[in-house]
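Notes for the structure review
Now for the letters of each chain:
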Amino acid sequence: MTSSSERVDLDGNPIKPLTICMIGAGGFIGSHLCEKIMNETPHKVLALDVYNDKIKHLLEPDNLPWHGRIHFHRLNIKNDSRLEGLIKMSDLTINLAAICTPADYNTRPLDTIYSNFIDALPVVKYCSENNKRLIHFSTCEVYGKTIGSFLPKDSPLRQDPAYYVLKEDESPCIFGSIEKQRWSYACAKQLIERLIYAEGAENGMDFTIVRPFNWIGPRMDFIPGVDGPSEGVPRVLACFSNNLLRGEPLKLVDGGQSQRTFVYIKDAIEAVLLMIENPGRANGHIFNVGNPNNEVTVRQLAEMMIQVYSKVSGEQTPETPTIDVSSKEFYGEGYDDSDKRIPDMTIINKQLGWNPKTSLWDLLESTLTYQHRTYAEAIKKVIAKPIAS
Ligand SMILES: NC(=O)c1ccc[n+]([C@@H]2O[C@H](COP(=O)([O-])OP(=O)(O)OC[C@H]3O[C@@H](n4cnc5c(N)ncnc54)[C@H](O)[C@@H]3O)[C@@H](O)[C@H]2O)c1
Ligand SMILES: O=C(O)[C@H]1O[C@H](OP(=O)(O)OP(=O)(O)OC[C@H]2O[C@@H](n3ccc(=O)[nH]c3=O)[C@H](O)[C@@H]2O)[C@H](O)[C@@H](O)[C@@H]1O
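These lines cover the structure that appears in this document, whether it is placed above or below. (Residues numbered from 1 in each chain as written. Chains lettered and ligands numbered in written order. Predicted model: local features only at pLDDT ≥ 70, side-chain atom pairs only at ≥ 80, totals over all residues. Heavy atoms only, no water.)

1. Some details on the packing of helix 8 (residues 236–246) against helix 11 (residues 298–313)
Quick note on the threshold: Helix axes are fitted only over the stretch in contact, all axes being lines through C-alpha atoms; the angle between N-to-C directions runs from 0 to 180 degrees. A helix here means a DSSP run of H or I that spans at least four residues, while a strand means a run of E at least two residues long, and both kinds are numbered starting from the N terminus. Oblique is the label for every angle not falling under 35 degrees (roughly parallel), over 145 degrees (roughly antiparallel), or within 65 to 115 degrees (roughly perpendicular). Each crossing gets its hand from how the near helix is turned against the far one by less than a right angle, where anticlockwise is left-handed and clockwise is right-handed. The contact criterion used is simple: two residues touch if any of their non-hydrogen atoms lie within 4.5 Å. In the scheme used here, Gly and all other residues not listed as nonpolar or charged are polar, with Ala, Val, Leu, Ile, Met, Phe, Trp, Tyr, Cys and Pro taken as nonpolar and Asp, Glu, Lys and Arg as charged.
Where helix 8 meets helix 11, the closest approach of the two axes is 11 Å, and the angle between their N-to-C directions is 45°. In terms of their interaxial angle, helix 8 and helix 11 are classed as oblique. Viewed along their axes, helix 8 and helix 11 form a crossing whose handedness is right-handed. Contacts between helix 8 and helix 11 involve V236, L237, F240, S241, L244 and L245 on the former and, on the latter, V298, L301, A302, M305, I306 and Y309. Taken together, the residues that form the contact of helix 8 with helix 11 break down as eleven nonpolar, one polar and no charged.

2. Looking at empty space enclosed by the protein
Applicable threshold: Cavity: a set of points on a 1 Å grid over the protein atoms alone where a 1.4 Å probe fits but cannot get out. Pocket: an open set with protein on both sides within 12 Å along at least five of seven lines, its lining residues, like those of a cavity, having an atom within 4 Å of a point. Grid points are joined across faces, edges and corners, and a volume is the space filled by probe spheres set on the points.
A complete count under the given rule lists one cavity of 30 Å³ or more for this structure. What the largest cavity holds in volume is close to 30 Å³. Taken together, R219, M220, D221, F222, I223, Q371 and Y375 make up the full set of residues lining the largest cavity. Across the lining of the largest cavity, the residue classes break down as four nonpolar, one polar and two charged.

3. Examining the sheet that holds strand 7 (residues 207–212)
The line we're drawing: Two strands form a pair only when DSSP identifies at least two bridges running between them.
Pairing in this open sheet of seven strands is parallel, and the strands run 3-2-1-4-5-7-12 from one edge to the other. Both edges of this open sheet fall to strand 3 (70–74) and strand 12 (285–289), since each of them pairs with a single strand only. Going across the sheet, the axis of each strand differs from the next one's by a mean of 15°, ignoring polarity. Sheet topology places strand 1 (residues 19–23) next to strand 2 (residues 44–49); five bridges connect them, and they run parallel. Along strand 2, the bridge assignment pairs I23 with L48. Contacting strand 1, strand 2, strand 3, strand 4 (92–95) and strand 5 (133–137), helix 1 (residues 28–40) crosses the sheet at an angle of about 165° to strand 1. Contacting strand 5, strand 7 and strand 12, helix 7 (residues 184–203) runs over the sheet at an angle of about 155° to strand 7.

4. Digging into the site of ligand 1
To be explicit about the condition: One heavy atom within 4 Å of a molecule or strand is enough for the residue carrying it to be called near that molecule or strand. Under the rule applied, a polar contact is a pair of N or O atoms within 3.5 Å (in protein, one hydrogen donor and one hydrogen acceptor; residues adjacent in sequence only if both atoms are side-chain atoms). In this description, accessible areas are obtained by the Shrake-Rupley approach with a 1.4 Å probe, and a residue is regarded as covered only by the protein chains that are shown.
Taken together, 25 residues sit near ligand 1, with F28, D49, N76, Y185 and W215 positioned nearest. The backbone of I29 places a nitrogen or oxygen atom 2.8 Å from an oxygen atom of ligand 1. Within the side chain of R235, one N or O atom sits 2.8 Å away from an oxygen atom of ligand 1. Relative to its unbound accessible surface of 820 Å², ligand 1 loses 89% to contact with the protein. When residues of the shell around ligand 1 are traced back to their parent elements, those giving at least two are helix 1 and helix 7. Grouping the amino acids of the shell around ligand 1 by side-chain chemistry returns 15 nonpolar, seven polar and three charged.

5. So, the nonpolar core
For clarity, the cut-off: By nonpolar core is meant a set of buried Ala, Val, Leu, Ile, Met, Phe, Trp, Tyr and Cys residues that side-chain atoms within 4.5 Å join together. Working definition: with a 1.4 Å probe on protein chains only, accessible area under 20% of the residue-type maximum means buried, over 50% means exposed, and in between means partly exposed.
If you look at the biggest cluster of nonpolar residues, it comprises 69 residues, and the most contacted ones within it are I94, W215, M275, I276 and V289. By residue number, the principal contributor to this core is helix 9 (residues 265–277), which donates eight residues. Those residues within four positions of M275 in sequence are excluded, and the remaining contacts are R133, I135, T208, V210, A282, F287, V289, I348 and L352. V123, F207, I209 and I286 belong to the second largest nonpolar core, which has 23 residues in total.

6. Side note on the environment of T367
When you line up the elements, T367 lands in helix 14 (residues 360–384). For T367, a relative accessible area of 1% translates into the label buried. Taking C-alpha positions, T367 is 13 Å from L245, a pair spaced 122 residues apart along the chain. A polar side-chain atom of T367 sits 2.6 Å from the main-chain carbonyl oxygen of L363.

7. Comments concerning the pairing of strand 4
Burial along strand 4 is two-sided: L92 and I94 facing one way and T93 and N95 facing the other are all buried. Summarising the sheet, strand 1 and strand 4 pair through four bridges and their orientation is parallel. From the neighbouring strand, M22 faces strand 4, where its bridge partner is I94. The sheet contact formed by strand 4 and strand 5 spans four bridges and is parallel. When the bridges of strand 5 are listed, I94 appears paired with I135.

8. Regarding helix 6 (residues 121–129)
Where helix 6 is concerned, the buried positions are V123, V124, Y126, C127 and S128. Where the residues of helix 6 are buried, they touch strand 1, helix 3 (82–88), strand 4, strand 5 and helix 7. N131 sits one or two positions beyond helix 6 and adopts a positive phi of about 50°.

9. Quick look at the packing of aromatic side chains
Quick reminder of the rule: We call Phe, Tyr and Trp rings a pair once their centres come within 6.5 Å, taking the six-membered ring for Trp, and we label the pair stacked below 30 degrees between planes, edge-to-face above 60, and tilted otherwise.
By the definition in use, this model includes seven aromatic pairs. On the numbers, 4.0 Å between centres and 15° between planes, the contact of Y331 with Y335 is stacked. According to the relative accessible area criterion, Y331 is buried, its value standing at 14%. Judged by relative accessible area, which is 10%, Y335 ranks as buried. Following the ring pairs from residue to residue traces out a cluster consisting of F330, Y331 and Y335.

Structure representation (structure tokens):
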């Protein structure tokens, strides 16, 4: 760990050690953020979550170099009276807790709305009432569909960035109709963003809102049947990793035509640390955090993952590498999709000077090396197990 006296912010001022209340610290992003904070800063973390499997390596054994700077509190923010006290003890609260897998948005819309809006309300309230700074994790899904997606298929305007690049302070939020329950998540996230923004405007609360654009890397979600439910549907990185580990075709929903930009979790976490340590530059802002240079269709992502996995595992590519499935078959009634997600980077560049570094090929190589090392043997055992009659 670097000593606090050596560390300065972007304006050359010394960074004071902080106590951070991190809600959802046991998840994918939380685990990487805790790791970064423990390795590179003097800050303390009160890590709140219902699970801690992904941060166990930071909590045990007792002789870790950051011993005493991270404390795990197993609690559900829905119903735990300790929450306000922990926020009061901290300089900064970071809220990551959410249901955030698309397979849940149309099948468990009530849980999705409660998790992303209702359960986040007390966190905002306690921060505002106690004059505490809040960094809240929203999503790029608040943009919904691009304006360009409503133009005729052959319109040349579809090629014009004005019709698809997503800007924090200009782009509208375009969701589907109410029976397209996919948008329950985006809509709940939009409303909590508006509430936080209003707390800033009316009550002077210090806040930063983060809109992640498909952050991916090790420890994302779960592999069904190994460290998650066998019928579970995680996000695309884990779905495709699971298919590759099992030697199955990768399933392309509605032909895999949707486009995404993927950013490496380690690049994205650097942006979050800049927000934490530069409140004067980050407060009052909403930040897109993504990599506009890593755009692919989901079909191209599948093809690249197949090539990379073959390289890192030494295994042959399957005879049928991909198959098409309908969204209704894969996700059920009420699914809909974002067509294209390119983040505008002007605000984060200007305020924090942050830029992503890692190419899609490189981030997939390190992530799939991790997936292979972590899961290949366990998957072999699961496959070899006779099915109970
Ligand atoms: N990973 C991405 O690319 C991405 C993209 C857009 C938005 N986000 C947002 O970032 C945040 C974190 O995402 P992630 O990918 O790390 O997800 P994750 O599911 O891995 O982590 C969320 C964590 O929150 C915890 N949690 C949920 N409800 C809780 C509750 N009631 N009480 C206590 N803990 C609770 C979960 O146990 C989990 O460990 C979410 O708000 C998500 O909407 C992530
Ligand atoms: O990561 C983000 O930035 C946000 O986007 C994700 O939404 P989405 O990108 O649609 O979710 P994925 O599950 O990663 O799916 C990406 C695309 O791959 C497709 N897909 C997914 C899984 C699969 O096996 N096959 C497949 O073709 C989906 O239909 C979708 O078009 C989730 O909503 C959130 O985690 C987050 O808010």
